[in-house]
Amino acid sequence: MSAPLPVALRDQLQSALGTTYTLERELGGGGMSRVFVARDEALGRDVVVKVLAPELAAELSAERFAREIRLVAALQEPHIVPVLAAGVTANGLQYYTMPFVRGASLRQRLAGGRVPFTEAVGILRDVARALAHAHDRGVVHRDIKPENVLLSERTAVVTDFGIAKAIAVSSTHADGAAVVDQPGGTLTGVGVSLGTPAYMSPEQVAGDTVDQRTDTYAWGVVAYEVLSGRHPFVDQGSAQRLLVAQLTELPSSTPLHRARVPDALTELVMRCLAKDRAQRPSGGTELLATLDTSASLAGRRWLALGGPRRRAPALLLAAGIAALLAVGARVRAARSVGTDEIHSVAVLPFENIGGDSADAYLAHGITNELAVTLGRLPDIRVAPGVSARVLQARGLTATDIARTLDVQGVLSGTVRRGGDRLRVSAEMIAARSGERVWADQFEADRADVFAVEDQVTRAIVGALRPRLIGRGAPPVAPGRGTADPAAYDLYLRGRYFWSLRSEEGMRRAIDYFGRAAGQDSDYVLAISGLADAYAVSAWYSYVPPVEGYGRARELARRALRLDSTRAEPHASLGYVALYYDWDRVEAQRQFERAIALDSTYATAYQWYGNFLVASNRPDEAIAAFRRAQRADPLNRVTVGAGCWGMLMVRRYRDALAQCGQVLELDSTFAVARLWRGQALDMLGDTAAAVRELELATRLSARSAVSVAALAHAYARAGQAPRARTLLAELTSGRRKYVPSYEVALVHVALGEPEQALTWLERAYRERSHSIAFLGVDAALDPLRHDARFVALLERAGLR
């Protein structure tokens, strides 16, 4: 409970309320307000008085706040707690009054145990009715959560409608300009949340504009929690991780299915949780109509499957089935599919259902292993993983996904760790019949990760072989390079974090790869992975070139001394030769050697594409990027590389389309946002470029490359002061490494060729990787006829 209200403040609040209300007691409050119960003397009833926190009130315009409150007060609906009055105390604290609702909040109800199905649907319908009424009148709540849903006599009512907006739009800077919602939902200078992290929509987290669909997202989170008994992101342990999850993670529908929530209602809840707001119900009216239809179908099915009158027999039947299953050591669900023949497959992302989000790397690794292995079969087509993931996220069934992607089979599964055991379940659905071609479960010791991967891969290919057009022998999974399960587990974790491409991800990748190599000193893949992590850290300017590429060269050579037949260290050496030595001959030799050793190694094709871009061979470069995507269709980095490549060869609209594929997979992948923003910048759509690059800067935790790209866009948009502010941030000395090449690009955009050439000279001395693109980078075109620039090209061996 909050501290007692100071006497002076109590007197001021009582004075503002006059004789109409008498303050009685404090209920508490949150970061935005203090909450009190007062007696309405004229009508003999209790009311709630909410007083905004002093530090918040100091940043608000009382006039604007009162105007917004008047709009909220116009809401008159049985499921909305109305605003009765609003005012300002003598010392400028805004307050408003509402009826006192006797009863518990939905949060308190959830703390008391699972909510029965019919009660849960009734609560959700009441909240949807409140949203429909408000949305029809242009009011968005912005903070739907169990604490703001009150339960009174079996009726749910929603409180604090429009208050978050009233606070947001009445906030002022020192110059008196109105402020909209801040990125991350925080009011400038105050640190007060304008939304609750656990219920914030992706657009609120990203700082974008909000609308009615923001409320439908929050309704979906609440519905998921009420129906399944758990929050969709229950594994996230901090507000920051929750915000990241709201942006990046697609909740599993498994808890809803386990709670026996009927399919129609589950589909509605998952639709509300779509990251893309265009996929959600448009507002409360559509939500309510869809809910009524879903709940009607759900209720009938629930009764048919065992409602209150049939529950005991159902439990007895379930117990009997469980007893029968316990007799066998294992149950396999393989079935014949008649005349179904499979020669094309979609591999859906395997779902991590072990309750530990740290195991996401394992599900990712198994999914990728299966996609790559099936792709090696002769005459078998594997659909792009990005498309499969997007369709799955939109709630399509396996047969719908198969129809959309024009494949004959869909493979999906789950991964669970429990104690010292690891269980993988997988199944293949035939598109034509909708029947299960094959299903199985695999269990092993927690440490035997790669053994389970091999079992799953071999079993699936072996089971499908009679139906597959490609009649080749089941491929042998590539050697893991170590007999130590612990080392392999550490290696998998390293590759997962390496794929994130963030500074923190690279730091953790270096840690895991290093630990894997320490566990097994002859582990070539771990040593090569460590080389890649250092090299890519330098590419994104997380570390200086000499530190990143110099260390990468040592490690790649060490890996080759251990095994010269592995593709990975050859590709790593090609990367260093291209970006640090500027030796195209050696780079080409190493990349081509890597591809010859392993024609399925996507990273080799991707980095070879980079080489072809630097060599001004655009058509070949695009072909290499496409080959990389085919080799590793589930990797957002591989797909995103095509976006970067098209940007660099000046196919800007193609770059936007390619980036769109990545962002459908993960709308918060910072580098895809970066490259999309740069493509928009080069197309001259500076306003859109600035918006995209501002988001990229936030998502990347203000990486140097993103800040520089945003400064470039500001300069081209005619906002030179903002560009110079970011330049000062980059060159302030607070960063471990200043990307000199990117600083030069900002000076080019500002029309300052002398400063640009000075920074390019510095980039040359530092051996910046970007010097490799000096001859093709469109952003440098204004300098191409300058004698100093021509001389720099010659010194770098690029003429």
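Quick caveat, the model's predicted, so the values are computed rather than measured.

> Would you explain the overall build of the protein in this entry?
When you go through the protein residue by residue, the secondary structure sums to 34 helices and 13 strands. Across the protein, every contact between residues at least 6 apart in sequence was considered, and the portion connecting residues at least 24 apart equals 62%. Just so you have it, the protein exposes about 33000 Å², and 51% of that area is on carbon and sulfur atoms.

> When you look at the side chain of asparagine 148 in this model, what are you seeing that I'm missing?
The residue asparagine 148 is located in the loop between helix H5 (117-136) and strand E6 (149-152) in this model. Among residues more than four places away in sequence, those in contact with asparagine 148 are His141, Asp143, Val157, Val158, Thr159 and Asp160.

> Even after reading the chapter, I still don't get the packing of helix H18 (residues 485-500) against helix H20 (residues 524-539), so can you show me in this structure?
Any two packed helices are characterised by the angle at which their axes cross and by the distance between the axes. It is at 10 Å that the axes of H18 and H20 come closest, and there the two elements cross at 20 degrees. Here H18 is positioned roughly parallel relative to H20, judged by the angle of their axes. Handedness of the crossing formed by H18 with H20: left-handed. For the pair H18 and H20, the contacting residues are Tyr491, Arg495 and Trp498 in the first and Leu525, Ala526, Ser528, Gly529, Asp532, Ala533 and Val536 in the second.

> Could you clarify how one ought to interpret the nonpolar core in this entry?
The tendency in soluble globular proteins is for nonpolar side chains to be buried as a group. In this structure, Trp675, Leu760 and Leu774 are the most contacted members of the largest nonpolar core, which totals 153 residues. Top element by residues in this core is H20. It accounts for 12 residues. Here leucine 760 is in contact with Tyr741, Ala744, Ile771, Leu774, Leu780, Leu783, Phe789 and Leu792, once residues within four sequence places are set aside. Membership of the second largest hydrophobic core comes to 48 residues, among which are Trp219, Val222, Met270 and Leu291.

> Whenever I open this one, the state of the cysteines confuses me. Can you help?
What is meant by a disulfide is a covalent connection between two cysteines, made through their sulfur atoms. Here the structure, examined in full by the defined rule, presents one disulfide. Two residues, cysteine 643 and cysteine 659, share a disulfide whose sulfurs are 1.7 Å apart. Residues cysteine 643 and cysteine 659 are joined by a disulfide whose S-S torsion is about -50 degrees; by sign, that bridge is left-handed. Linking cysteine 643 in helix H26 (residues 636-648) with cysteine 659 in helix H27 (residues 652-665), this pair joins segments that are 16 residues apart in sequence. For the pair shown, cysteine 643 and cysteine 659 are each scored as buried.

> Where do I start with the packing of aromatic side chains in this structure?
The geometry of an aromatic ring pair comes down to the distance between the two centres and the angle between the two planes. In the structure shown here, the tally under the stated rule is 20 aromatic pairs. Taking the centre distance of 5.7 Å and the plane angle of 45 degrees together, the rings of tyrosine 491 and phenylalanine 513 count as tilted. Of the two residues, tyrosine 491 is situated in helix H18 and phenylalanine 513 in helix H19 (residues 503-519); the sequence distance between them amounts to 22 residues. A relative accessible area of 10% means that tyrosine 491 is categorised as buried. Note on phenylalanine 513: relative accessible area 0%, which makes it buried.

> Looking at this structure, I do not really get the confidence of the model for the protein. What am I missing?
Interpretation of this model should avoid reading the predicted coordinates in detail wherever pLDDT is low. Within the protein, residue pLDDT values average 78, and 75% of them lie at 70 or more. Below a pLDDT of 50 lies the segment residues 469-479, which in the model reaches 29 contacts outside its immediate sequence neighbourhood of four places, other chains included.

> Would you mind going over helix H34 (residues 787-795) with me for this structure?
In an α-helix, one full turn covers 3.6 residues, which means residues spaced three or four apart are oriented alike. Among the residues of H34, Phe789, Leu792 and Leu793 are the ones counted as buried. Along the axis of H34, the buried positions cluster into a sector of 100 degrees, meaning they face one direction only. Seen from the open side of H34, the exposed residues pointing more than 90 degrees away from its buried face are Ala787 and Glu794. For H34, the elements touching its buried residues are helix H33 (753-766).

> Looking at this model, I keep getting lost on the pattern of salt bridges. Mind explaining?
Pairing between side chains of opposite charge can happen when their charged atoms approach one another. This structure, assessed with the given rule, holds 34 salt bridges. Between arginine 213 and aspartate 211 there is a salt bridge, and its shortest N-O distance comes to 2.6 Å. Exposure remark for aspartate 211: the relative accessible area of 17% places this residue in the buried category. Each member of the salt-bridge network shares a partner with another, and the members are Arg39, Asp46 and Arg102.

> Teacher, can you tell me more about unusual backbone geometry here?
For residues other than glycine, phi is negative in most cases, and the peptide bonds are mostly trans. Of note in the backbone geometry, arginine 260 takes a positive phi value of approximately 65 degrees without being a glycine. Positionally, arginine 260 belongs in the loop between helix H10 (254-258) and helix H11 (263-272). For arginine 260, a relative accessible area of 48% gives the class partly exposed. Phi at alanine 701 takes a positive value of approximately 60 degrees, unusual for a residue other than glycine. Within the secondary structure, alanine 701 sits in the loop between helix H29 (686-699) and helix H30 (704-716).

> I keep staring at the pairing of strand E3 (residues 45-52) and nothing clicks. Help me out?
Looking down a regular strand, the side chains alternate between one sheet face and the other. Across the eight residues that make up E3, a large majority, seven, are buried. Pairing of E3 with strand E5 (residues 94-99), which is carried by five bridges, proceeds in the antiparallel orientation. For valine 49, the partnering residue across the bridge sits in E5 and is threonine 97.

> Even after reading the chapter, I still don't get the packing of helix H24 (residues 602-614) against helix H25 (residues 618-631), so can you show me in this structure?
Two numbers describe how H24 lies on H25: the axes approach to 8 Å, and their chain directions differ by 165 degrees. One finds that H24 runs roughly antiparallel with respect to H25. Seen from above, H24 lies across H25 with left-handed handedness. In this structure, H24 contributes Ala602, Tyr605, Gln606, Tyr608, Gly609, Asn610, Leu612 and Val613 to the contact, and H25 contributes Glu620, Ala621, Ala624, Phe625, Arg627, Ala628 and Ala631. Here the residues of the contact of H24 with H25 sort into 10 nonpolar, three polar and two charged.

> Teacher, can you tell me more about H5 here?
In a regular helix each residue adds 1.5 Å, so 20 residues correspond to 28 Å; H5 covers 28 Å between its end C-alpha atoms and thus fits that length. For H5, the buried fraction is high: 14 of the 20 residues fall into the buried class.

> Looking at this structure, I do not really get the side chain of threonine 214. What am I missing?
Relative to the helices and strands, threonine 214 resides in helix H8 (residues 212-228). A relative accessible area of 1% places threonine 214 in the buried class. Not counting chain neighbours up to four residues away, the residues in contact with threonine 214 comprise Ser201, Glu203, Gln204 and Arg280.

Conventions used here
Residues numbered from 1 in each chain as written. Predicted model: local features only at pLDDT ≥ 70, side-chain atom pairs only at ≥ 80, totals over all residues. Heavy atoms only, no water. Helix = DSSP H or I, 4+ residues; strand = E, 2+ residues; numbered from the N terminus. Contact = heavy atoms within 4.5 Å. Areas by Shrake-Rupley, 256 points an atom, 1.4 Å probe, with all protein chains shown as cover. Axes fitted to C-alpha atoms, helices over the stretch in contact; angles between N-to-C directions. Parallel < 35°, antiparallel > 145°, perpendicular 65-115°, else oblique. Left-handed = near helix turned anticlockwise from the far one by under 90°. Core = buried A, V, L, I, M, F, W, Y, C linked by side-chain atoms within 4.5 Å. Buried < 20%, exposed > 50% of the residue type's maximum accessible area, 1.4 Å probe, protein only. Disulfide = S-S within 2.5 Å. Phe/Tyr/Trp six-rings, centres within 6.5 Å; stacked < 30°, edge-to-face > 60°. pLDDT = per-residue confidence, 0-100. Arc of directions from axis to C-beta. Salt bridge = Lys/Arg side-chain N within 4 Å of Asp/Glu carboxyl O. Pairing = 2+ DSSP bridges. Nonpolar A, V, L, I, M, F, W, Y, C, P; charged D, E, K, R; others polar. Expected span 1.5 Å × (residues − 1).

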